[in-house]
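Geometric and topological summary
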Amino acid sequence: MIFGKILKKYGPRKIAIDVGTHSLKGVVFEVIIGKNPIVLDRKTVKSPVFPDTDKPTPDEYVGWIVKKLPDFIQEMIKSSEHHPDTITIGLGPDIVALNIENWSARFSGSSQNDGAFYNQFAKILQENKKKHPEIIDAFLLDSYLNGYPLRHTATTFPPNTEFSFKTMVMRPASPRATERRASQEIATTLDMVKKGLSGLKIYFYPSFLAQKEVLTKVLEIHNSLVIDIGGETTAVTLLKNGSLEHVNFFPLGGRHFLRGISKIASISFEEAEDLKRQYSQGIVSQDTQKQLHNFIRCEAEIWKKMFIKILENFYHFGPLPPQVIIIGGGANMPEVNSVIRGNWIKNFSYVEYPKVNILRGDSVFSGDSLGGALQGPEDFNLAALIYKDSHQ
């Protein structure tokens, strides 16, 4: 990669870390007003391949990643050469439970503005944390009065008016939701990270919100179904009129296909990664191409069934938007792409086929890879975190 150490201090130095089920990706970067940030260093750590390659216990992957996180943060701080202004850690549904909830409160004053709303929301958050100490953090999505979103920065209301806040709440993943998660271990580690680096500004941030910020503010996409095909899971997000409406996921991602390729080809997991890349680029022999195509096509049908199943949870939000965005490391698999480009959407929308786009990491900065630090769709979430931190 081209990026490297830059001696001149351009602006605030920050760290962004994308936490997945199978890898940790981090960048040290400097913010330049009016320009794209400069990446000083990038590090990636991948989890090992555990012995039970057919049906691994995802607890093993999540557990390994979470245990590695504190050491990885220290490595990133060391790479930054001095304490960064902020460290933002992006978390997805693999690591924490992210639920959209409605909170309500009454204002005691009569005139409110954006600052007052945020202050009131912060007060509600603290009250809820006392009642529910498992809450890690919460993020204000929208404010409503009588069911209508509030868009004005300053409005006068009668005293004691009741408002509702659409909120994304972050908690340790619940064991009841899936058998894959060691929720107490996750909670303990995240708390240890905060306390162990108490002198630094550390923020745990939902990857869904970073995605939304880039889609709406940079790419001007306000209505879309976002499919994030990660290592061990696939996350699905509904964006309507620029608002995050619903998030869900299922436990099948790109590494499932890699484990199968490793088995049928009798090669190591690392060799399977190279073979899948060559297959996606169309540079394998005809026999290998046929063998892999038949395998991945069958597995893609399993992926499709799980995908359609979770879409049933989206029915009460109305018709799905025609536009579908694909991100994540599994976005380039031709057979999965073919499934997503099929006519499944006719049962959920007013169109027969979706309009599909694959977004890369360098899509966030108008094709700029920031010196080679951002590449394909597997880097979109990391790029979104960099964008978010660069515009605070």
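The rules behind the values
- Residues numbered from 1 in each chain as written.
- Predicted model: local features only at pLDDT ≥ 70, side-chain atom pairs only at ≥ 80, totals over all residues.
- Heavy atoms only, no water.
- Helix = DSSP H or I, 4+ residues; strand = E, 2+ residues; numbered from the N terminus.
- Buried < 20%, exposed > 50% of the residue type's maximum accessible area, 1.4 Å probe, protein only.
- Contact = heavy atoms within 4.5 Å.
- Areas by Shrake-Rupley, 256 points an atom, 1.4 Å probe, with all protein chains shown as cover.
- Axes fitted to C-alpha atoms, helices over the stretch in contact; angles between N-to-C directions.
- Parallel < 35°, antiparallel > 145°, perpendicular 65-115°, else oblique.
- Nonpolar A, V, L, I, M, F, W, Y, C, P; charged D, E, K, R; others polar.
- Phe/Tyr/Trp six-rings, centres within 6.5 Å; stacked < 30°, edge-to-face > 60°.
- Lys NZ or Arg CZ within 6 Å of the ring centre and 35° of its normal.
- Lys, Arg positive; Asp, Glu negative; His and termini not counted.
- Salt bridge = Lys/Arg side-chain N within 4 Å of Asp/Glu carboxyl O.
- Polar contact = N/O pair within 3.5 Å; in protein donor to acceptor, adjacent residues only side chain to side chain.
- Expected span 1.5 Å × (residues − 1).
- Pairing = 2+ DSSP bridges.

Within the protein one finds 9 helices and 16 strands. The burial tally for the protein puts 54% of its 392 residues in the buried class. Summarising the internal contacts of the protein: among those between residues at least 6 apart in sequence, 66% fall at separations of at least 24. As presented, the protein carries roughly 18,300 Å² of accessible surface, and 50% of it is formed by carbon and sulfur atoms.

In the contact formed by helix H4 (residues 207-217) and helix H9 (residues 380-390), the axes pass within 8 Å of each other and the chain directions differ by 75°. Of the possible angle classes, the one that applies to H4 and H9 is roughly perpendicular. Side by side, H4 and H9 meet where Ser207, Ala210, Gln211, Glu213, Val214, Leu215 and Lys217 of the first sit next to Phe380, Asn381, Ala384, Leu385, Tyr387 and Lys388 of the second. For the contact of H4 with H9, a count of residues per class yields 7 nonpolar, 3 polar and 3 charged.

Here we take up the packing of aromatic side chains. All told, the structure shown has 7 aromatic pairs when counted by the stated rule. Taking 5.6 Å as the distance between ring centres and 65° as the angle between the ring planes, the aromatic pair formed by Phe250 and Trp303 counts as edge-to-face. Placement of the pair is Phe250 in strand S14 (residues 243-250) and Trp303 in helix H7 (residues 286-311), with a sequence separation of 53 residues. An identical accessibility class is assigned to Phe250 and Trp303; each is buried. A relative accessible area of 0% means that Trp303 is categorised as buried. Feature note: the residues Phe250, Trp303, Phe307 and Trp344 constitute an aromatic cluster, connected by ring pairs. Over the ring of Tyr205 we find Lys388, and its NZ or CZ is 4.4 Å from the ring centre.

Glancing now at the environment of Arg259. Within the secondary structure layout, Arg259 lies in helix H5 (residues 254-265). Along the chain, Arg259 and Phe269 lie 10 residues apart, while their C-alpha atoms are 6.6 Å from each other.

For the rest of this paragraph, the subject is the side chain of Glu299. Here Glu299 is to be found in helix H7. Buried Glu299, no salt bridge; nearest opposite-charge side chain is Arg259, N-O distance 9.3 Å. Among the polar contacts made by the side chain of Glu299, one reaches the side chain of His256 at a distance of 2.6 Å. Apart from the residues within four sequence positions on either side, Glu299 is in contact with His256 and Phe257.

The first and last C-alpha atoms of H7 sit 36 Å apart over 26 residues, in line with the 38 Å expected at 1.5 Å per residue. Where H7 is concerned, the buried positions are Leu292, Phe295, Ile296, Glu299, Ala300, Trp303, Phe307, Ile310 and Leu311. Where H7 is buried, its residues contact strand S12 (224-229), strand S13 (234-240), S14, H5, helix H6 (269-281) and helix H8 (334-340).

Turning to the pairing of strand S4 (residues 86-91), a few remarks are in order. In terms of burial, S4 is largely enclosed, as 6 of its 6 residues are buried. Burial of S4 is two-sided: the residues Thr86, Thr88 and Gly90 facing one way and the residues Ile87, Ile89 and Leu91 facing the other way are all buried. The pairing of strand S1 (residues 13-19) with S4 spans 6 bridges and is parallel. Across the sheet, residue Lys14 finds its bridge partner in S4, namely Thr86. Here 5 bridges tie S4 to strand S11 (residues 202-206), and the two strands are oriented parallel to one another. Of the residues in S11, the one forming a bridge with Leu91 is Pro206.

Moving on, we get to the sheet that holds strand S7 (residues 137-145). Pairing is antiparallel across the open sheet formed by 4 strands, whose spatial order is S5-S10-S7-S8. The outermost strands of the open sheet, each flanked by one partner alone, are strand S5 (96-106) and strand S8 (148-149). As defined by bridge partners, S7 adjoins strand S10 (residues 162-172) across 7 bridges and the pair is classed as antiparallel. The partner of Asp142 across the bridge, within S10, is Lys166.

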